[in-house]
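Single-letter residue listing:
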Amino acid sequence: MSFHGQTILPAAHNHRDVEKILRLDAEYMVMLETQVGQLKSLVKLAESGGKKVLLHADLINGLKNDEYAVDFLCQDIRPAGIISTRANVIQKAKQHKVIAIQRLFMLDSSAFTKGTALVQKIQPDYIELLPGILPTMIEQMTELLHIPVIAGGLITTQQQIDDILAAKATAITTSQKSLWK
C-alpha cells in the first residue's frame, strides 16, 4: 500500500492552505486543525480538486475523538483516511475500510516500546512517527513492524526529507509550504 508514489503529503491548517494544495500535483493531502462545522465543506473543496483527504481526527474542534466520531466522519464526511493517536479510533477506521494511520510520538525509549506494542496489536495501515526528523527511529520501526511509516513534525528542509526517505519512510507529512513541491 502506498500513496501512488507521492512522498510529500501536504498538510492543511485552514481553507487557504487547502486552496494552495489544490494547485499542487498531489493526490493525497492531510487535513489538520479544523472545526466540525467547516469540515464537510473543506473536504468537498479538496475532493473537487481531485484530492484524497487524510483527516486528523484528533484535531477536529467540536468533535469528541471516539468511535462514534469515526462513524460520523466515515459515513458523512467520507475521507480517504483517518489519522489518530487513539487506538480505538484507528480500529474503527479499519472497520470502515478507510486508510488507518496510527500517530505515535517518539519521546523516549518507553514511548517506542509502548508504541510498537500498540501497533502490533492494532495493525494500522500506516504509522505516522513524530517528530519526523528521527531517521533511525523510522528505520527501526519499519524493520520491526513491517508497516509503512510516514514521518511528520519538525521537518523543515529538503535534506531532512531526503534523509527520512532514505531511512525507508513511505512519505512525510508537512505543513511547511516551501516543501510541498
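Structure report, in brief. This structure is a prediction, so every number in the text was calculated from the model and none was measured.

1. Thoughts on the nonpolar core
With 28 residues, the main nonpolar core has Val18, Met29, Met31, Leu39, Leu55, Leu73 and Ile82 as its most contacted residues. Mapped onto this core, the elements with two or more residues apiece are α1 (15-22), β2 (28-31), α2 (36-48), β4 (52-56), α3 (67-77) and α4 (87-95). Here this core takes 5 residues from α3, the largest share from any one element. Ile8, Val119, Ala151 and Ile155 belong to the second largest nonpolar core, which has 21 residues in total.

2. Side note on the environment of Asp108
Relative to the helices and strands, Asp108 resides in the loop between β7 (99-105) and α5 (109-122). At 3.2 Å, the side chain of Asp108 forms a polar contact with the backbone nitrogen of Ser110. There is a polar contact of 2.8 Å between the side chain of Asp108 and the backbone nitrogen of Ala111.

3. Description of the sheet that holds β7
Pairing within the closed barrel is parallel, and its 8 strands lie in the order β1-β2-β4-β6-β7-β8-β9-β10. Shown here is a sheet whose adjacent strand axes are inclined to one another by a mean of 25 degrees, direction ignored. Lying on the sheet, α1 is in contact with β1 (8-12) and β2; it crosses β1 at an angle near 150 degrees.

Cut-off values and rules
Residues numbered from 1 in each chain as written. Predicted model: local features only at pLDDT ≥ 70, side-chain atom pairs only at ≥ 80, totals over all residues. Heavy atoms only, no water. Core = buried A, V, L, I, M, F, W, Y, C linked by side-chain atoms within 4.5 Å. Buried < 20%, exposed > 50% of the residue type's maximum accessible area, 1.4 Å probe, protein only. Helix = DSSP H or I, 4+ residues; strand = E, 2+ residues; numbered from the N terminus. Polar contact = N/O pair within 3.5 Å; in protein donor to acceptor, adjacent residues only side chain to side chain. Pairing = 2+ DSSP bridges. Axes fitted to C-alpha atoms, helices over the stretch in contact; angles between N-to-C directions. Contact = heavy atoms within 4.5 Å.

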